[in-house]
Amino acid sequence: MSSITLRRLFGVLAHVDAGKTTVSERLLHRSGRIRKPGEVHHGSTTLDHTAEEKKHGITITAAATTTTWQGHTLSLIDTPGHIDFAIEVERSLSVLDGAVVVLDAARGVEPQTESVWRQAERHRVPRIVFINKLDAPGASVESCLSDLRQRLGARPVLLQMVRDDGALVDLVEPQVLRFSSTGELEATPCAVPPEREQLIVAVAEHDAVLMELWAAGEAVSAEQLRAALRRVCISRALVPALCGAALKNRGIQPLLDAV
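Residues numbered from 1 in each chain as written. Predicted model: local features only at pLDDT ≥ 70, side-chain atom pairs only at ≥ 80, totals over all residues. Heavy atoms only, no water.

> Just give me the short version of the layout of surface pockets, but keep the residues and values in it.
Size it by volume and the largest pocket reaches roughly 1500 Å³. Forming the boundary of the largest pocket are 41 residues, of which Arg226, Leu256, Asp257, Ala258 and Val259 lie nearest the centre. Residue composition of the lining of the largest pocket, by class: 25 nonpolar, seven polar and nine charged. (1 Å grid on protein atoms, 1.4 Å probe; cavity = no way out; pocket = protein on both sides within 12 Å on 5 of 7 lines; lining within 4 Å. Points joined across faces, edges and corners; volume = space filled by probe spheres on them. Nonpolar A, V, L, I, M, F, W, Y, C, P; charged D, E, K, R; others polar.)

> How would you sum up the side chain of Ser31? Please name residues and give values.
Relative to the helices and strands, Ser31 resides in the loop between helix 1 (20-30) and helix 2 (51-56). Judged by relative accessible area, which is 13%, Ser31 ranks as buried. Within polar-contact distance, the side chain of Ser31 engages the side chain of Thr67 at 2.6 Å. (Helix = DSSP H or I, 4+ residues; strand = E, 2+ residues; numbered from the N terminus. Buried < 20%, exposed > 50% of the residue type's maximum accessible area, 1.4 Å probe, protein only. Polar contact = N/O pair within 3.5 Å; in protein donor to acceptor, adjacent residues only side chain to side chain.)

> So what about the packing of aromatic side chains? Which residues, and what values?
Under the defined criterion, the tally for this structure stands at zero aromatic pairs. Looking at Arg127, its charged tip hangs above the ring of Trp117, at a distance of 4.6 Å from the centre. (Phe/Tyr/Trp six-rings, centres within 6.5 Å; stacked < 30°, edge-to-face > 60°. Lys NZ or Arg CZ within 6 Å of the ring centre and 35° of its normal.)

> Give me the pairing of strand 10 (residues 185-189): which residues, what numbers.
In this structure, strand 9 (residues 175-179) lies alongside strand 10, joined through five bridges in antiparallel fashion. Directly across from Gln175, in strand 10, lies its bridge partner Pro189. Hairpin connection, strand 9 to strand 10: the antiparallel pair is bridged by five residues, and Gly183 has positive phi, about 95 degrees. (Pairing = 2+ DSSP bridges.)

> I'd like a description of the sheet that holds strand 11 (residues 239-243), backed by residues and values.
Pairing within the open sheet is mixed, and its seven strands lie in the order 2-3-1-4-5-11-6. For this open sheet the edge positions go to strand 2 (63-69) and strand 6 (156-158), each flanked by a neighbour on one side alone. Strand after strand, the sheet turns through a mean of 30 degrees between neighbouring axes, direction not considered. Relative to strand 11, strand 5 (residues 127-132) is paired through three bridges, and the arrangement is parallel. Note that in strand 11 the partner of Phe130 across the bridge is Leu242. (Axes fitted to C-alpha atoms, helices over the stretch in contact; angles between N-to-C directions.)

> Any details on helix 4 (residues 111-122)? Residues and values, ideally.
The end-to-end C-alpha separation of helix 4 is 17 Å, in line with the 16 Å expected for twelve residues at 1.5 Å each. Looking only at helix 4, the buried set comprises Gln112, Thr113, Glu114, Ser115, Val116, Trp117, Gln119 and Ala120. Immediately beyond the C-terminal end of helix 4, within one or two residues, lies Arg124, with a positive phi of roughly 55 degrees. (Expected span 1.5 Å × (residues − 1).)

> An account of the nonpolar core is requested, with residue identities and associated values reported.
Judged by nonpolar contacts, the single largest core of 41 residues is most densely connected at Phe10, Leu27, Leu199, Val203, Leu210, Leu225 and Leu255. The leading source of residues in this core is helix 8 (residues 222-234), at six residues. Every residue in contact with Leu225, bar those within four places of it in the chain, is listed here: Leu171, Val172, Arg196, Leu199, Ile200, Leu210 and Val220. By size, the runner-up hydrophobic cluster in this structure holds 29 residues, among which are Ile77, Val116, Trp117 and Ile131. (Core = buried A, V, L, I, M, F, W, Y, C linked by side-chain atoms within 4.5 Å. Contact = heavy atoms within 4.5 Å.)

> Report on the packing of helix 6 (residues 194-204) against helix 8, specifying residues and quantitative values.
Two numbers describe how helix 6 lies on helix 8: the axes approach to 10 Å, and their chain directions differ by 40 degrees. With respect to helix 8, the axis of helix 6 lies oblique. Crossing angle aside, the handedness with which helix 6 passes helix 8 is left-handed. On the side of helix 6, the interface is formed by Arg196, Leu199, Ile200 and Val203, while helix 8 contributes Ala222, Leu225, Ala228, Leu229 and Val232. (Parallel < 35°, antiparallel > 145°, perpendicular 65-115°, else oblique. Left-handed = near helix turned anticlockwise from the far one by under 90°.)

What is shown is where atoms sit, not what they do.
In structure tokens form, the structure reads like this:
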């Protein structure tokens, strides 16, 4: 854990029904802000707090709250995903340090994803992508990455691999990440997958410090790779992408770490 205390104001953006509010609820629950995550389909979420939001199961107004993670302060704004309430997204983006853009793994980039992405571009907001609903029929991480490149002109770099058993492989610090039904994380070191070298090369193309290390043939530590990822994310040269299934409590801790 870093000895520096950080403050981050970030928003969660998505097309309606991509799981944006579910992701936000899990972030708050896992970080200890709420005792139990609410469910959109039950009308019990903390962030969708108005009667109309609970009735229709959509976010209408941007909702803000604060939590802590690893000693750092995180202020989260859950924004509407419906086009009719785009002005709420615009207002939020004007004050954000960064944003998490949630994609439905089976649907990829959708119309409102394109809208919020363009809004974030105008405000020069750095972004992380969370590919949600890995458990949905037709889910495809590769299809989502292709959509990001072709429809949004983004340069995503995948930080995790999805295994057939549902576990994730962390490419930054090689380890297998397994999640219990309640979201508890078990991390087990593993052999360095070849995809890690591909990640390093992709990041080094946009980061002089990492390029110098890689060109010299030096081993790149997890700490050095994280620092480079932070630089290219903030400069908006690349978009780090993570995976999970928020409703099943998978992938939330790594997303908090990334924020």
